[in-house]
There are 2 protein chains.
Amino acid sequence: METVETGGGGSDARPPFTSLVVIEFSSSASQQTISWVKDKITTPKSSGGADLIVQTMTTEKTVVLHVGASNESLLNAAELMEIKKLYKDGSLREVQRDDLDQFENSQDLDSFLTLAEKQCIVKHELDAIRAAETDRCVPGEMKLPLYKGQTLIPLLVDKGIIAQLFPLHDKRSLKTLSFDWYQSFFSAQPIDRIQQYFGGTVAMYFAFLGFYTMALIPPALIGVISEYGAPSELSTLFFCVFNLVWATIFLEVWKRNCATLTYKWGSIRTEHYEEARPQYYGELSRNRVTGRLEPKYPKWKRLLKFYGVSLPVVLLCLFGAFYIMLVYFWSEDLALAYHKEHDSTLSRVLLYMPTIVYAVLIFIMNAVYRTLAKLLNDWENHRLQSAYDNHLVVKLVLFDFTNCFICLFYIAFYLRDMKLLRSNMAALLITQQILGQIIESLVPYLMYKKRKISITKRSNEVKSTGNAVIDLKVTADVRKQAEIEGSRDPFVEVDVILELGKTKAPRGTLDDYLEMYLQFGYVFLFSAVFPTAALWALINNFTEIRTDAFKMCRTFQRPFAQPTTGIGAWQIAFELMSVVAVLTNCALLALTPQGLKYSEDIGEVNYVILFIIAEHIILFVKLTLAYIIPDEPQWVETALAQTAYNSKLAWRAQQMESARRRKAEKEELLIDTRDIKQE
Amino acid sequence: METVETGGGGSDARPPFTSLVVIEFSSSASQQTISWVKDKITTPKSSGGADLIVQTMTTEKTVVLHVGASNESLLNAAELMEIKKLYKDGSLREVQRDDLDQFENSQDLDSFLTLAEKQCIVKHELDAIRAAETDRCVPGEMKLPLYKGQTLIPLLVDKGIIAQLFPLHDKRSLKTLSFDWYQSFFSAQPIDRIQQYFGGTVAMYFAFLGFYTMALIPPALIGVISEYGAPSELSTLFFCVFNLVWATIFLEVWKRNCATLTYKWGSIRTEHYEEARPQYYGELSRNRVTGRLEPKYPKWKRLLKFYGVSLPVVLLCLFGAFYIMLVYFWSEDLALAYHKEHDSTLSRVLLYMPTIVYAVLIFIMNAVYRTLAKLLNDWENHRLQSAYDNHLVVKLVLFDFTNCFICLFYIAFYLRDMKLLRSNMAALLITQQILGQIIESLVPYLMYKKRKISITKRSNEVKSTGNAVIDLKVTADVRKQAEIEGSRDPFVEVDVILELGKTKAPRGTLDDYLEMYLQFGYVFLFSAVFPTAALWALINNFTEIRTDAFKMCRTFQRPFAQPTTGIGAWQIAFELMSVVAVLTNCALLALTPQGLKYSEDIGEVNYVILFIIAEHIILFVKLTLAYIIPDEPQWVETALAQTAYNSKLAWRAQQMESARRRKAEKEELLIDTRDIKQE
């Protein structure tokens, strides 16, 4: 084991090195590439580097870089990134070096920025390293040509030369956090501390999950009462209408809640301007808002890609999924007919074939579609991270919605077999939830445990063979922590199972939202047929919060903290689902046996029209509620208005000041010319 | 005739007096009140006045004040009101006295502000006069107690002590404007010049009217083709679907157009903060956004008033209108039955009675409802002018919609008599439009002409009797103009016919919008039955633009120019109408004889379900279109983002500057203490 220290001389006066971000190279990465990357990271910013500190660990298998940074460069970057901290007047303000002593906790520069913030800054600085004019290709990787201004680190990650890049956990904070979070079963989640540790996006997911779980309590109660208490047509009707209106109230109040959280976290969307994501490419040109140089990609090209390719491909996939389902039902009928004709072992085996083939097909389709969706979304080249995320969400939601519900729709409205629907719903909801919790939490945890044991054993072996460990700035503990956390699965946005050669199944908040979304669908789309769905969902979510929290803390690598403006496209996806729920519930209620009996009394057409009128009224009520309930609490609105007003005043004051200066200069000039004349 | 000059001494060096606003007292106003008002207007601002100039004209009947202002006070007020003018770099900026030479046309202070702007400023200053501590009641009107901070001029107008208050026309500008506007029949409207002369709200109405008229061309063409070209079920179907989708496209593109106009006019809504309207009352307290003192009325009180009183009252009125219609249909049946039984003169008279009674009832109800709506709206005490306007629009729209369309709905969907519907539609659309144009344009114009002739005769008589006319700052021409324009009807927002004792029927853009709104309803709600409606509407609007323009220029008093942020609640009203149109058209198509024949083939229930699916698809397409089409053109969005970004930068710079100053002060203090120590 060999250790090399690079970057800024090693004078003893400097604070001890803290490893913020770990970069693990793939075993195939050449020494040339590695030292080129190290060089880029440690070079001062003025020469196109990132001005960070690197410690190198070389084992027989891989090279690992521990990246740290001086407080000086961290503060500089924090100011540029406009990171907000608590000001002494209680407000959140963007960090300013000149004004540092007016911020809370600014006495101790080591702890002024949290570890998560420091890691974020280092990530941002790494992402900001761009190829210089002289970098024609990655040294040691002749097949990787570069162009000026290309982002380097994301490219190397993308090409697999950097195997992983992740921030280290803070064991002490994690311990206290996890204690309050998932070890105390009945207390509220410490959302603000989650935000500080894991960042806005993760905290927002857990806030949503918690809020949604609370919102499930009334439908669960009423559902159980209407199912077991006094089962009657009227109680089912009341339950359905309540559910539909409740869904809207829940989503609207959540919006307010979300505004409160993002305001508190200083990430509420206030301006039209957002920075481009690092993967965004295009010709360098001046941004018309900020006047800075930045890549620019023509909007019409993106629209053309979207409407010309992505949309048709997605629709084709949806149609494909629908068609495969039809074939499944048809071949099941066929197998049944064959079985009735020739009752044999073969026929009995054939009876199970359609379901098995269908299950396998769905699995493959899902994996292929996810890869495709990610590729298409990358290819569309969205400028903003939020736009990128939203487009990805819409693509995945459409497909998963089709896959999950089209079968139930077929049973409910084509076969009109309510019994089958009920049993299918129960099976899907309950088994999927239990399986889901096992697959997403238990399995990765067990696998990680296994890997951890082998690492510990190995490092013990290394020790026992007596190999000399050089006195490093990175302690043995941290090195071991990096190795252990490196063996965990990364927590990223999209789960692409079918990437060949990669065995890890990364998961992220996107999948967690998707799970909740489909559950929301099960609960609200078919309330009329399966009123206890809310109860099952409630029970599931109560443990889901804890297993998801456990997963975040124990199973996955720590994610980089990201600020959030809300749940983005999910808000719309949930709202649309609640609208679809009106249609399905009205149709289901119309198809109940008692309803159909009533339809004979008043005439079928009148009966249908009655339900259409009811549907329209419910939709109207939902729309009105959504319109009436303000999206932001009054105090957030006032606070935002105040900021906007102050900014406007500052802008006017600046203009006035410059006008005054111009006037003064002109007068001076006049005096000067007069002086000259007098002379 | 006696003339008195008040305010600022009459030195000859001052520019000639221009009459900007005319205040006409009622004949019952006491001399004491008048001189108190004059005093308030001319007193300097520091002493609670408006710092304006007044010229008094006393005739045997009334007292008329001509209010003017010095360029000095106009500019001061313009700066406070944040009036935007063209800056030399081509952008619009708020007027700043220190920076005046950087604005276009600022050399000549007399013409730097347009007449409309000056009139607006004077109006604003008059409205801003508030009762002082010592003003316990209006002198000469002991029954009018005052409280500190109450606005005076709106109160006096409200109580009828000031009979009218209006700005004078600019005869020369008006001539060239009217020439380009309504005298050249086929050219586009000079919207920007209308905005400069009549203000944003009026120009916005005409821009909307013009845009809407253009948008009627495709439906008119296709409607005529589908009616006379190749009348078939399919062509009607196509026409209906086209109409419904077209309505959404029209409304979305209009939104973009509207954003472009308001951006150009510098009145686009950018900040959350707006100033309270002068009629807003409440306890004086500090506004949390601006920190200024302003009346504050608790939000819950307003909500309580709205949901507790206004909403129930409005719903009751709607129900009343519906009930009266039912009684009308029922009594018509009764009369018919009676006529069949006893065919006599009495029975023939009775046959007409229901219609006559119904028409009279509608007229009375309408007048009562309008008065009620205005009273309720005033009573709700909205803080913002926009909120006030929107609530008034919603109240009137609901009632007029019910009155106009419930009868047609009844015929279409209860009686299902398409022939009756068609003839009713044609009668309503065509007669109402022709009658409308006559009532709203010709009648007021003729009445005004009559009054004008009598005034001219009278003033000639005055001249011929040889009464001495003192040499005034207000020329005889202007005095005559004021008298003539004073005899015109004022152009205000709401038309309240039933105000006892007042014979004038004021009209404003609100009524013009309402007319277009009902027309939009006729064209789009029943396209399936009456496809030529768009053509009739097109023809009407083509002349409507001209008659409305004529009305603005020749028949009504000049309105005060008001900035606008768009068409406000009308956008939503039109969008809702286009949604209702989907329902009605689908239902009408389903009720066609050919359709009903087809329903026998596929079964009635399937037939109804088919139409429901079609309806939902069209609604979905409309929703998607509305979501996809951006509300603002790209360049407006960029420009707004730029402003927001610059403001943010200015705000940061200001904070940094103050931080630097604080630091410098602290250091100075340190040096001082060191100095002291050394001493």
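On a predicted model such as this, the values are computed, not experimentally measured, just so you know. (Residues numbered from 1 in each chain as written. Chains lettered and ligands numbered in written order. Predicted model: local features only at pLDDT ≥ 70, side-chain atom pairs only at ≥ 80, totals over all residues. Heavy atoms only, no water.)

Q: Explain the overall build of chain A to me, using residue names and the numbers behind them.
A: The helix and strand tally for chain A stands at 20 helices and eleven strands. Principal axes of the C-alpha set define a box for chain A whose edges measure 110 × 80 × 50 Å. When the 679 residues of chain A are sorted by exposure, 46% land in the buried category. Long-range pairs, those at least 24 residues apart, make up 71% of the contacts in chain A between residues at least 6 apart in sequence. Only carbon and sulfur atoms are counted for the fraction: they give 63% of the accessible area of chain A, which is about 34200 Å². (Helix = DSSP H or I, 4+ residues; strand = E, 2+ residues; numbered from the N terminus. Buried < 20%, exposed > 50% of the residue type's maximum accessible area, 1.4 Å probe, protein only. Contact = heavy atoms within 4.5 Å. Areas by Shrake-Rupley, 256 points an atom, 1.4 Å probe, with all protein chains shown as cover.)

Q: How would you explain the domain arrangement of chain A if you had to name every residue and give the values?
A: Here chain A is partitioned into domain 1 (2-167), domain 2 (191-297 + 381-463 + 471-628) and domain 3 (633-679). Between the C-alpha centres of domain 1 of chain A and domain 3 of chain A the distance comes to 40 Å. (Domains from an automatic or database assignment.)

Q: Can you break down the pattern of salt bridges residue by residue, with the values?
A: A pair can form between side chains of opposite charge whenever their charged atoms are brought close. For the structure on display, the rule yields 52 salt bridges over all chains. The shortest N-O distance in the salt bridge between A:Glu125 and A:Lys45 comes to 2.7 Å. In this pair, A:Glu125 is assigned in helix H4 (residues 115-128) and A:Lys45 in the loop between helix H1 (31-42) and strand E3 (53-58), connecting sequence segments 80 residues apart. Given a relative accessible area of 7%, A:Glu125 falls into the buried group. In this structure A:Lys45 comes out as partly exposed when scored by relative accessible area, which is 38%. Note that B:Arg370 is salt-bridged to B:Asp511, the shortest N-O span being 3.0 Å. With B:Arg370 in helix H12 (residues 345-380) and B:Asp511 in helix H16 (residues 509-525), the pair connects residues that are 141 residues apart, well separated along the chain. Like B:Asp511, B:Arg370 is buried. Each member of the salt-bridge network shares a partner with another, and the members are A:Glu82, A:Glu94, B:Lys648 and B:Arg652. (Salt bridge = Lys/Arg side-chain N within 4 Å of Asp/Glu carboxyl O.)

Q: Hey, could you go over the relation of the copies chain B and chain A for me, with residue numbers and the actual values?
A: For the pair chain B and chain A, the relating rotation is 180°, the translation along its axis is 0.0 Å, and the fit reaches an RMSD of 0.1 Å. Accordingly, the operation relating the two chain copies is best matched by a two-fold axis. Of the interface residues in chain B, 100% have counterparts in chain A that sit at the interface too, so the contact is made through matching surfaces. (Least-squares fit on C-alpha atoms with pLDDT ≥ 70 in both.)

Q: Hey, could you go over the interface of chain B and chain A for me, with residue numbers and the actual values?
A: In this complex, chain B contributes 51 residues to the contact, which on the side of chain A involves 51 residues. In total, chain B and chain A occlude about 5300 Å² of area from one another, counting both sides; carbon and sulfur atoms represent 53% of this. Where A:Arg660 meets B:Asp98, a salt bridge forms, and the shortest distance between an N and an O atom there is 3.5 Å. Between chain B and chain A we count 17 residue pairs in polar contact (both at pLDDT 80 or more) in total. Counting residues per element, the ones that place at least two in the side of chain B that touches chain A are strand E6 (92-94), helix H11 (299-341), helix H18 (569-590), helix H20 (604-628) and helix H21 (634-678) of chain B. Sort the elements by how many residues they give to the side of chain B that touches chain A and H21(B) lands first, with 21 residues. Of the residues in the side of chain B that touches chain A, the class split is 19 nonpolar, twelve polar and 20 charged. (Buried area = accessible area lost by both parts, 1.4 Å probe. Polar contact = N/O pair within 3.5 Å; in protein donor to acceptor, adjacent residues only side chain to side chain. Nonpolar A, V, L, I, M, F, W, Y, C, P; charged D, E, K, R; others polar.)

Q: I'd like a description of the side chain of B:Thr564, backed by residues and values.
A: Its location among the elements puts B:Thr564 in the loop between helix H17 (533-555) and H18. In this view, B:Thr564 contacts B:Gly200, B:Thr201, B:Met204, B:Thr262, B:Trp265 and B:Ser267; residues no more than four positions away in its chain are not counted.

Q: Report on the packing of aromatic side chains, specifying residues and quantitative values.
A: In total, this model carries 84 aromatic pairs over all chains according to the counting rule given. Measuring from centroid to centroid gives 6.3 Å for A:Phe401 and A:Phe409, while their planes differ by 70°, and the two rings are edge-to-face. Geometry around B:Phe560 places B:Lys123 over its ring, the cationic atom sitting 5.1 Å from the centre. Over the aromatic face of B:Tyr388 sits the side chain of B:Arg277, whose NZ or CZ is 3.9 Å from the ring centroid. (Phe/Tyr/Trp six-rings, centres within 6.5 Å; stacked < 30°, edge-to-face > 60°. Lys NZ or Arg CZ within 6 Å of the ring centre and 35° of its normal.)

Q: Quick rundown of unusual backbone geometry? Include the residues and the values.
A: All names here are of chain A. The residue Asn105 is not glycine, and still its phi comes out positive at about 60°. Examined against the element boundaries, Asn105 turns out to sit in the loop between strand E6 (92-94) and helix H3 (109-112). One non-glycine residue with positive phi stands out, namely Arg416, at about 55°. Tracing the chain through its elements places Arg416 in the loop between helix H12 (385-415) and helix H13 (418-464).

Q: Residues and numbers for the environment of B:Ala650, please.
A: Within the secondary structure, B:Ala650 sits in helix H21. When the C-alpha positions of B:Ala650 and B:Gly508 are compared, they lie 41 Å apart, and in sequence the two are 142 residues distant. Residues in contact with B:Ala650, not counting those within four places in the same chain, are A:Ala650, A:Trp651 and A:Gln654.

Q: Lay out the packing of H16(B) against H17(B) with the relevant residues and their values.
A: Residue and element names in this part refer to chain B. Look at H16 against H17: their axes get within 10 Å of each other, and the N-to-C directions meet at 170°. Taken together, H16 and H17 sit at an angle that is classed as roughly antiparallel. For the pair H16 and H17, the contacting residues are Asp512, Glu515, Met516, Gln519, Tyr522 and Val523 in the first and Ala533, Ala534, Ala537, Asn540, Asn541, Glu544, Asp548 and Lys551 in the second. Of the residues that constitute the contact of H16 with H17, the class distribution is six nonpolar, three polar and five charged. (Axes fitted to C-alpha atoms, helices over the stretch in contact; angles between N-to-C directions. Parallel < 35°, antiparallel > 145°, perpendicular 65-115°, else oblique.)

Q: If you had to explain the side chain of A:Lys622 to someone new, which residues and values would you point to?
A: All names here are of chain A. By secondary structure assignment, the location of Lys622 is in helix H19 (residues 604-628). Buried charge Lys622 goes without a salt bridge, the closest partner of opposite sign being Glu252 at 9.3 Å. At 2.9 Å, the side chain of Lys622 forms a polar contact with the side chain of Thr248. Aside from chain neighbours lying at most four places away, what touches Lys622 is Leu244, Ala247, Thr248, Ser578 and Val582. (Lys, Arg positive; Asp, Glu negative; His and termini not counted.)

Q: I'd like a rundown of the confidence of the model for chain A, residues and numbers included.
A: All names here are of chain A. Per-chain confidence: chain A averages 84 in pLDDT, with 92% of residues scoring 70 or above. Contacts for the low-pLDDT stretch residues 1-13, under 50 throughout, to residues beyond four places or in other chains number 26 contacts. Note that residues 464-471 has pLDDT below 50 and, in this model, five contacts with residues that lie over four places away or in other chains. (pLDDT = per-residue confidence, 0-100.)

Q: Pulling in residues and values, what's your account of the pairing of strand E3 (residues 53-58) of chain B?
A: Residues and elements named next belong to chain B. For E3, the tally of buried residues reaches five of six residues, placing the bulk of the element in the interior. Pairing geometry for E3 and strand E4 (residues 63-68), over six bridges, is antiparallel. The residue bridging Met57 from the neighbouring strand is Val64, located in E4. Linking E3 to E4, which pair antiparallel, is a turn of four residues. (Pairing = 2+ DSSP bridges.)

Q: Quick rundown of a negative patch on the surface? Include the residues and the values.
A: Together, A:Glu600, A:Asp601, A:Glu604, B:Glu600, B:Asp601 and B:Glu604 make up a negatively charged patch on the protein surface. A relative accessible area of 48% means that A:Glu604 is categorised as partly exposed. (Patch = residues over 30% accessible without salt bridge, like charges linked within 9 Å, V, L, I, M, F, W, Y side chains within 5 Å. Charge placed at Lys NZ, Arg CZ, Asp CG, Glu CD.)

Q: So what's going on with the environment of B:Thr509? Residues and values would help.
A: Its place among the elements puts B:Thr509 in helix H16. You can call B:Thr509 buried: its relative accessible area is 5%.

Q: Before we move on, can you summarise H12(A) with the specific residues and values?
A: Residue and element names in this part refer to chain A. In this model H12 runs 43 Å from its N-terminal to its C-terminal C-alpha over 31 residues, within 8% of the 45 Å that 1.5 Å per residue would give. For H12, the principal kink sits at Phe405 and spans about 40°. Where H12 ends, the next residue or the one after it, Arg416, has phi of about 55°, a positive value. (Expected span 1.5 Å × (residues − 1). Bend = angle between axes of the 7 residues up to and from the residue.)

Q: Hey, could you go over the pairing of strand E10 (residues 283-286) of chain A for me, with residue numbers and the actual values?
A: As a general feature of sheets, a regular strand has side chains that alternate between the two faces. Residues and elements named next belong to chain A. Sheet topology places E10 next to strand E11 (residues 293-296); four bridges connect them, and they run antiparallel. Across the sheet, residue Ser285 finds its bridge partner in E11, namely Glu294. Where E10 hands over to E11, the hairpin turn is made up of six residues, of which Gly291 adopts a positive phi near 80°.

Q: Quick one: what's the story with helix H6 (residues 171-183) of chain B, residue by residue and with numbers?
A: Residues and elements named next belong to chain B. Within H6, the axis deviates most sharply at Leu177, by approximately 30°. Those residues of H6 that sit buried are Leu174, Leu177, Ser178, Trp181 and Tyr182. Structurally, H6 contributes buried residues whose contacts are with helix H7 (191-198), helix H8 (200-215) and H17.

Q: Would you mind going over the packing of helix H19 (residues 593-602) of chain B against H20(B) in detail, with residue names and values included?
A: Residues and elements named next belong to chain B. Where H19 meets H20, the closest approach of the two axes is 6 Å, and the angle between their N-to-C directions is 120°. If you check the angle between H19 and H20, you find them oblique. Together, Gly595, Leu596, Tyr598, Ser599 and Ile602 of H19 and Glu604, Asn606, Tyr607 and Leu610 of H20 make up the contact between the two elements.

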